[in-house]
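Below are the chains, spelled out letter by letter.
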Amino acid sequence: MQTFQYYIDGEFLDGEARFQSIDPATGDVWAEMPEAREADVDRAVNAAEKALYEGPWAKLTATQRGKLLYKLADLVAANAQKLAELETRDTGKIIRETSAQIAYVADYYRYYAGIADKIEGSYLPIDKPDMDVWLRREPIGVVAMVVPWNSQLFLSAVKIGPALAAGCTMVVKASEDGPAPLLEFARLVHEAGFPAGVVNIITGFGPSCGATLGRHPKVAHIAFTGGPETARHIVRNSAENLASTSLELGGKSPFIVFADADLESAANAQVAGIFAATGQSCVAGSRLIVEASVKEKFLSILKRKAEAVRIGSPLDMATEVGPLATKRQQDHVAALVEKSIERGARLVTGGQRPEGAGYYFPPTILDCDFVSSPSLTEEFFGPVLSVVSFETEAEALRLANDTRYGLASGVFTQNLTRAHRLMKGIRAGVVWVNTYRAVSPIAPFGGFGLSGHGREGGLAAALDYTRTKTIWLRTSDDPIPDPFVMR
Ligand code: NAD
């Protein structure tokens, strides 16, 4: 049995309590994790605050911060395979994807390393004589980062990278489901030479550890990724410390296919969009909206591809769909499929959890034309695609926007002017045209509505981890005139 430690104030600690982590491919316990409770959270936040104002971190130049980030990026790249294996073991996400994704995570740290010394203040052309006024950009403060189980190294990199570039200190709470890769990543933070307390990495349960962290009086900002219901707790708790929040939440993303699209290519993108990561992806293109005249043809291509998917051990490089991360998730997906079929959805393929060990669920397609299926509105976070058809472009747009979420979307068409109309009309933070599930450190990412607010990636994300301070300097040596007149 492997054991992990958490990382507070530059030290690796066992924690007073521990909990067991389950390998989703077998259902067996494989590791023991340290559980952070109230006192640990308090210790981590205090360490982060001390590092922010008193430690050597506060005295580093922005260029020196960037150099530390470059070191961290190199260490992530050098250890990508080891981290990938841990993430695969602890969450069931296939090794094919974790190894590619974590190698790319290094590029996120590199991008923000370069940004560290490009965060500038400004000089204001103030409307008063003998006065110089500047805006300084300073780190926003101690940041609490709370992430879900899927892609933890990626979802934390898009927070840790810009926050470090901006000079913040932080407490990162790994998900209680599969924290191993983030706890191991802490060793790279240590090796890179970040001063004690700058990055603290803990894990523990949401309602205890997560909630204590989110409402801690010394936390200035909470960067959260997870479900909308948890986000509501986060926002309610932030009423206590009045911390600002950025929320990256779920989705029910539309994937629109017009009859003029390259159907084979669109089908590959749809498979990537809904079956990759066993559907446990916030941007899952889970609602296929297909032009009626090609619906049957497109569904038959998709069915063939879905049934050819290689399901197996996530540690096998040949596997394309591994298990879901938890039994809870497997039960949720199975129950929602069952409920949708009861409400009239037609099962095209999949739908039944297989016999045997592990939390597997096969690629599943539900034809939901003309029925009011819950699969069209509720997030599965699993490999289940719901299909509806349309006759006109206006109807396609109406169906695409018929959701309270607004994270991602896909449009497949060869018609350029139509593509432009849809790009403007779709209410989602990301529109992919003739592609799907592409991300980059350079491109901002985030949602509308129930999918949250705030953007991760890009330069602006680093600015979001700063606060401005206005400096007024009077340049006249004359005595201050009439003190009862505001100037
Ligand atoms: P979740 O909301 O249950 O948990 C996320 C994190 O919040 C975990 O670390 C958990 O411990 C913590 N948490 C739970 N209750 C808390 C509380 N009361 N206070 C503070 N923290 C608390 O999410 P999940 O089930 O682990 O992940 C799936 C969800 O994440 C899906 O809805 C998915 O769409 C979303 N997601 C969004 C993105 C994005 O970038 N938009 C990316 C990945 C996943």
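Residues numbered from 1 in each chain as written. Predicted model: local features only at pLDDT ≥ 70, side-chain atom pairs only at ≥ 80, totals over all residues. Heavy atoms only, no water.

**Q** An account of the packing of helix α9 (residues 263-275) against helix α10 (residues 295-308) is requested, with residue identities and associated values reported.
**A** Remark: α9 packs on α10, axes separated minimally by 10 Å, with the N-to-C direction vectors making an angle of 50°. When the interaxial angle is binned, α9 and α10 end up oblique. Judged by the twist between their axes, the crossing of α9 over α10 is right-handed. The residues of α10 that touch α9, namely those facing Leu263, Glu264, Ala266, Ala267, Asn268, Gln270, Val271 and Phe275, are Lys297, Phe298, Ile301, Leu302, Arg304, Lys305 and Ala306. Across the contact of α9 with α10, the residue classes tally to nine nonpolar, two polar and four charged. (Axes fitted to C-alpha atoms, helices over the stretch in contact; angles between N-to-C directions. Helix = DSSP H or I, 4+ residues; strand = E, 2+ residues; numbered from the N terminus. Parallel < 35°, antiparallel > 145°, perpendicular 65-115°, else oblique. Left-handed = near helix turned anticlockwise from the far one by under 90°. Contact = heavy atoms within 4.5 Å. Nonpolar A, V, L, I, M, F, W, Y, C, P; charged D, E, K, R; others polar.)

**Q** Which residues make up the sheet that holds strand β17 (residues 384-390), and what are the values?
**A** With respect to topology, seven strands assemble into an open sheet ordered β15-β16-β17-β14-β13-β18-β19, the strand pairing being mixed. What marks the edges here is a single partner per strand, and that holds for β15 (346-349) and β19 (432-433). Sheet analysis places β15 next to strand β16 (residues 364-367), joined by three bridges and oriented antiparallel. Along β16, the bridge assignment pairs Leu347 with Leu366. Docked against the sheet, α10 engages β13 (254-257), β14 (287-291), β15, β16 and β17, running at close to 55° with respect to β15. (Pairing = 2+ DSSP bridges.)

**Q** Break down the layout of surface pockets for me, with residues and values.
**A** With a probe scaled to a water molecule rolled over the atoms, the places where space remains empty come into view. Considering only enclosed or pocket space, the second largest pocket measures out at about 440 Å³ in volume. Around the second largest pocket sit 19 residues that line it, and Arg65, Arg136, Arg137, Glu138 and Pro139 are the ones nearest its centre. Listing elements by their share of the lining of the second largest pocket, those giving two or more residues are α1 (38-53), α2 (62-78), β7 (131-139) and β21 (466-474). Take the lining of the second largest pocket: its biggest share by element is four residues, from β7. (1 Å grid on protein atoms, 1.4 Å probe; cavity = no way out; pocket = protein on both sides within 12 Å on 5 of 7 lines; lining within 4 Å. Points joined across faces, edges and corners; volume = space filled by probe spheres on them.)

**Q** Pulling in residues and values, what's your account of the packing of aromatic side chains?
**A** Enumeration over the complete set of coordinates arrives at 14 aromatic pairs. On the numbers, 5.1 Å between centres and 85° between planes, the contact of Tyr108 with Phe154 is edge-to-face. Separated by 46 residues along the polypeptide, Tyr108 in helix α4 (residues 95-115) and Phe154 in helix α5 (residues 152-166) bring together distant segments of the chain. A residue is classified by how much of its surface remains accessible, and Phe154, at 14% relative accessible area, is buried. Members of the aromatic cluster, connected to one another through ring pairs, are Phe255, Phe412, Trp432 and Tyr436. Positioned above the aromatic ring of Phe258 is the side chain of Arg418, whose terminal nitrogen or guanidinium carbon lies 4.0 Å from the ring centre. (Phe/Tyr/Trp six-rings, centres within 6.5 Å; stacked < 30°, edge-to-face > 60°. Buried < 20%, exposed > 50% of the residue type's maximum accessible area, 1.4 Å probe, protein only. Lys NZ or Arg CZ within 6 Å of the ring centre and 35° of its normal.)

**Q** Please set out the site of the ligand residue by residue, giving values where relevant.
**A** Taken together, 27 residues lie near the ligand, and Val147, Glu176, Thr230, Leu249 and Glu379 sit nearest. Contact distances for the ligand include 2.8 Å between an oxygen atom and a backbone N or O atom of Gly227. Alone, the ligand offers 850 Å² of accessible surface; in the complex the protein occludes 90% of this. Considered class by class, the residues forming the shell around the ligand number 13 nonpolar, 10 polar and four charged. Counting the residues that make up the shell around the ligand, at least three belong to each of domain 1 (2-249 + 447-472) and domain 2 (254-433). (Near = heavy atom within 4 Å. Polar contact = N/O pair within 3.5 Å; in protein donor to acceptor, adjacent residues only side chain to side chain. Areas by Shrake-Rupley, 256 points an atom, 1.4 Å probe, with all protein chains shown as cover. Domains from an automatic or database assignment.)

**Q** If you had to explain empty space enclosed by the protein to someone new, which residues and values would you point to?
**A** Taken as a whole, this structure holds three cavities of 30 Å³ or more when the rule is applied. Its volume calculated, the largest cavity comes out at about 70 Å³. As for the largest cavity, its lining consists of Glu87, Thr91, Gly92, Lys93, Trp149, Asn150, Ser151, Ala277, Gln280 and Pro323. For the lining of the largest cavity, the residue count by class is three nonpolar, five polar and two charged. Counting contributing residues, the lining of the largest cavity receives three or more from each of domain 1 (2-249 + 447-472) and domain 2 (254-433).

**Q** Outline the nonpolar core, listing residues and values.
**A** Where a protein is soluble and globular, its nonpolar side chains tend to be buried together. Of all hydrophobic cores here, the largest spans 87 residues; its most connected members are Tyr109, Met170, Phe185 and Phe194. Per-element accounting of this core gives the leading share, 10 residues, to α5. With residues near it in sequence (within four places) discarded, Phe185 still touches Leu72, Val76, Leu83, Tyr109, Leu153, Ile160 and Ile201. Membership of the second largest hydrophobic core comes to 34 residues, among which are Cys282, Ala284, Val294 and Ile365. (Core = buried A, V, L, I, M, F, W, Y, C linked by side-chain atoms within 4.5 Å.)

**Q** Would you mind going over the side chain of Asn241 in detail, with residue names and values included?
**A** In this structure, Asn241 sits in helix α8 (residues 228-241). A polar contact of 2.9 Å, which involves the side chain of Asn241, links it to the backbone oxygen of His216. In this structure Asn241 touches Gly214, Arg215, His216, Pro217 and Val219, once residues within four positions along its chain are discounted.

**Q** Explain the environment of Gln329 to me, and be specific about the residues and the numbers.
**A** Here Gln329 shows up in helix α11 (residues 327-342). Expressed as a C-alpha distance, the spacing of Gln329 and Tyr359, which sit 30 residues apart in the sequence, is 8.2 Å. Setting aside anything within four residues of it in sequence, one finds Gln329 in contact with Trp149, Gln280, Leu324, Phe380 and Phe381.

**Q** Give a description of a nonpolar patch on the surface that names residues and reports values.
**A** Residues Met1, Ile22 and Val29 make up a contiguous nonpolar surface patch of roughly 270 Å² in combined accessible area. Since its relative accessible area comes to 36%, Val29 is described here as partly exposed. (Patch = residues over 30% accessible without salt bridge, like charges linked within 9 Å, V, L, I, M, F, W, Y side chains within 5 Å. Salt bridge = Lys/Arg side-chain N within 4 Å of Asp/Glu carboxyl O.)

**Q** Provide a residue-level description of the sheet that holds β21, including the pertinent values.
**A** Strand pairing in a sheet takes place through backbone hydrogen bonds and is either antiparallel or parallel in direction. One open sheet holds the three strands; their spatial order is β6-β7-β21, and the pairing between them is antiparallel. Lying at the two open borders of the sheet, with one neighbouring strand each, are β6 (122-124) and β21. Going across the sheet, the axis of each strand differs from the next one's by a mean of 25°, ignoring polarity.

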